Amino acid sequence: MFLNNKSIAKQVKTIKSIVTVQDFLRTYAKYRDLSLDDGINFPKRSGSKEQKLTPTVQFAKLEEAQSISEIFQQVYQNTYPYKELENAQEIRKMIEDPNYHWIVFKINKTEVIGCAGIKFNASIKSVYLHGFTIKKEFQGLSSLPKLLMAAWIALLKKYEKRALMYFGEARSAHSKSQSLSDYIGLKPIAFFPKKDIFFNRDESEFLLILYDEDTITKYRRKEIPKIIPRVLTCYYYARERYQLEFPEIFDHLTLNFDDKIIQTIKQNLTYQEEKDNLGNSVITISINNSDAYVSFLHQPQVRIFEKINYNVSNKEQLFVFIEEVKQLVKKLNIRYLELYASAYHPIQQAMLYNAGLKPFGYVPCFKYLKEENIFEDQVVFIYYEGKVNGNLKMIPETENFLKAIKPSWDF
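Predicted model, so just to flag it, every value in this text is computed and none were measured. (Residues numbered from 1 in each chain as written. Predicted model: local features only at pLDDT ≥ 70, side-chain atom pairs only at ≥ 80, totals over all residues. Heavy atoms only, no water.)

Colleague: Mind showing me how you'd approach the overall build of the protein here?
Modeller: The helix and strand tally for the protein stands at twelve helices and 17 strands. The C-alpha atoms of the protein give a radius of gyration of 22 Å, which matches the 22 Å a tight globule of 411 residues would have. The proportion of buried residues among the 411 residues of the protein is 54%. Put simply, 66% of the contacts in the protein that link residues at least 6 apart link residues at least 24 apart. Accessible surface, the protein as shown: approximately 19700 Å² in total, 47% of it carbon and sulfur. (Helix = DSSP H or I, 4+ residues; strand = E, 2+ residues; numbered from the N terminus. Rg over C-alpha atoms; globule rule 2.2 N^0.38 Å. Buried < 20%, exposed > 50% of the residue type's maximum accessible area, 1.4 Å probe, protein only. Contact = heavy atoms within 4.5 Å. Areas by Shrake-Rupley, 256 points an atom, 1.4 Å probe, with all protein chains shown as cover.)

Quick look at the structure:
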């Protein structure tokens, strides 16, 4: 059946036309030829209180890796959940990677006062932004937003048409990162309840995204999304923002499983774990003599499973994988699990929902299929422990989004 629930429409305010990469390049055309290799700065006007400071933004050099790691140690008091960003050697590896950049904000061309990481992934045509941090004593510099925009335009120009989407996460404990993300066009599209731990307290995150003008109009899969009713509020928000079509809704799905197939699958499971030098590991569960698998990143410091990928050819395989992961969640005391599921397989969505995962976002064009040169929509499913801290600091954009996807949620 097709969506015709007008009551849901009232939960979402009217959203303006889509903002794209090209909108920014046109609006800020004066920044298009600036280079982060050379560094960008804007001379201060006479009489400015910041006259003695000359802020600059540029790509980081290897010798600045130590300064970047010290910023995370200082600002987060050694509680940053992703320890590689507190490790100068790990930062150096990133800087040496041609597809990974750190940009640094400096004053008087010497002192590093802030940073942000940018990872370009050609295989999925995306840019991932993370780790935007400024030392507290410099967060009020009036020139920083202008520098940030200039750096952003330089990045958009550098990756134009090579990256078709840009995404990152923003904390919910304060609104600064949300405001800056909104300033550069990154809009909320999913919510990660209690994902991270900052200052030894759990904290939620927003997934934010910006698309190239061709992503949704040219490269998005033409098939109509097929979703379960529980995904509907998330879908409607995305539909309004990105002018999507009506989906097909699949209700009252019958989930019958073949016990003999399930038993055979369980007898042919293979379990692998690859650990890194920071204590994290990639766990892979596969089925012998098949292409079916599920893999995910385990980060024991914050007790989460994320970056989950899976491939199955029938619902029995997915059922077994879900049961195996649930056992690991219990065994390893996992407090948060994040999974992106296909928006075109309602049975898989229903199985995930029945397993205790809840939808917290509908993300258009989030999975790139290289063989077909198209993007598929994804539904964000989350498992988390306990209740979300009600002290969320939100800008109007994120507040409207959260009300839209979870209007009856009691924080």
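Back to the text.
Colleague: How should I be thinking about the packing of aromatic side chains in this particular structure?
Modeller: The geometry of an aromatic ring pair comes down to the distance between the two centres and the angle between the two planes. Throughout the structure, instances matching the rule amount to 27 aromatic pairs. With a centroid separation of 5.9 Å and an interplanar angle of 80°, the aromatic rings of F105 and F132 are classed as edge-to-face. Taken together, the residues span a long stretch of sequence, with F105 in strand β3 (residues 100–107) and F132 in strand β5 (residues 126–134) at a distance of 27 residues. Since its relative accessible area comes to 1%, F105 is described here as buried. The exposure class assigned to F132 is partly exposed, which follows from its relative accessible area of 32%. Between F206 and F401, the aromatic rings sit 6.4 Å apart at their centres with planes inclined by 70°, giving edge-to-face as the arrangement. With a gap of 195 residues between them, F206 in strand β8 (residues 201–211) and F401 in helix α12 (residues 396–405) connect regions that are remote in the sequence. Residue F206 is classed as buried on the basis of its relative accessible area of 0%. (Phe/Tyr/Trp six-rings, centres within 6.5 Å; stacked < 30°, edge-to-face > 60°.)

Colleague: Looking at this structure, I do not really get the pairing of strand β13 (residues 293–299). What am I missing?
Modeller: Side-chain direction in a regular strand flips from residue to residue, so the side chains alternate between the two faces of the sheet. Of all seven residues in β13, six are buried, a share of seventy percent or more. For strand β12 (residues 281–287) and β13, the ladder comprises six bridges, and the chain directions are antiparallel. Residue pairing in the sheet places S281 in a bridge with H298 of β13. Here β12 folds back onto β13, and the loop between the two strands holds five residues, one of which, N289, carries a positive phi near 60°. (Pairing = 2+ DSSP bridges.)

Colleague: Explanation requested: the pattern of salt bridges in the structure shown.
Modeller: Oppositely charged side chains may form a pair once their charged atoms are brought near each other. If you walk through the whole model with that rule in mind, you get 27 salt bridges. With its nearest N and O atoms 3.8 Å apart, the salt bridge here joins E160 to K157. Overall, the relative accessible area of 23% leaves E160 in the partly exposed class. Note that R239 and E240 form a salt bridge whose closest N and O atoms lie 3.2 Å from each other. (Salt bridge = Lys/Arg side-chain N within 4 Å of Asp/Glu carboxyl O.)

Colleague: In this structure, what is going on with unusual backbone geometry? I would like to understand it.
Modeller: Across residues other than glycine, the phi torsion is negative in most instances, and most of the peptide bonds are trans. Positive phi, normally seen in glycine, also occurs at N78, with a value near 60°. Here N78 is to be found in the loop between α3 (65–75) and α4 (88–96). For N200, which is not glycine, the phi torsion reads 65° and is therefore positive. Mapped onto the secondary structure, N200 falls in the loop between β7 (187–198) and β8.

Colleague: Would you mind going over the nonpolar core with me for this structure?
Modeller: The nonpolar side chains of soluble globular proteins are, as a tendency, buried together. The biggest cluster of nonpolar side chains holds 137 residues, and the ones touching the most others in it are W102, W152, Y166 and Y362. With twelve residues, the single largest contributor to this core is helix α5 (residues 144–159). Sequence-distant contacts of Y166, that is, excluding residues within four places in its chain, are made with V21, V127, L129, W152, L155, L156, Y159, E160, L186, L208, I209 and L210. (Core = buried A, V, L, I, M, F, W, Y, C linked by side-chain atoms within 4.5 Å.)

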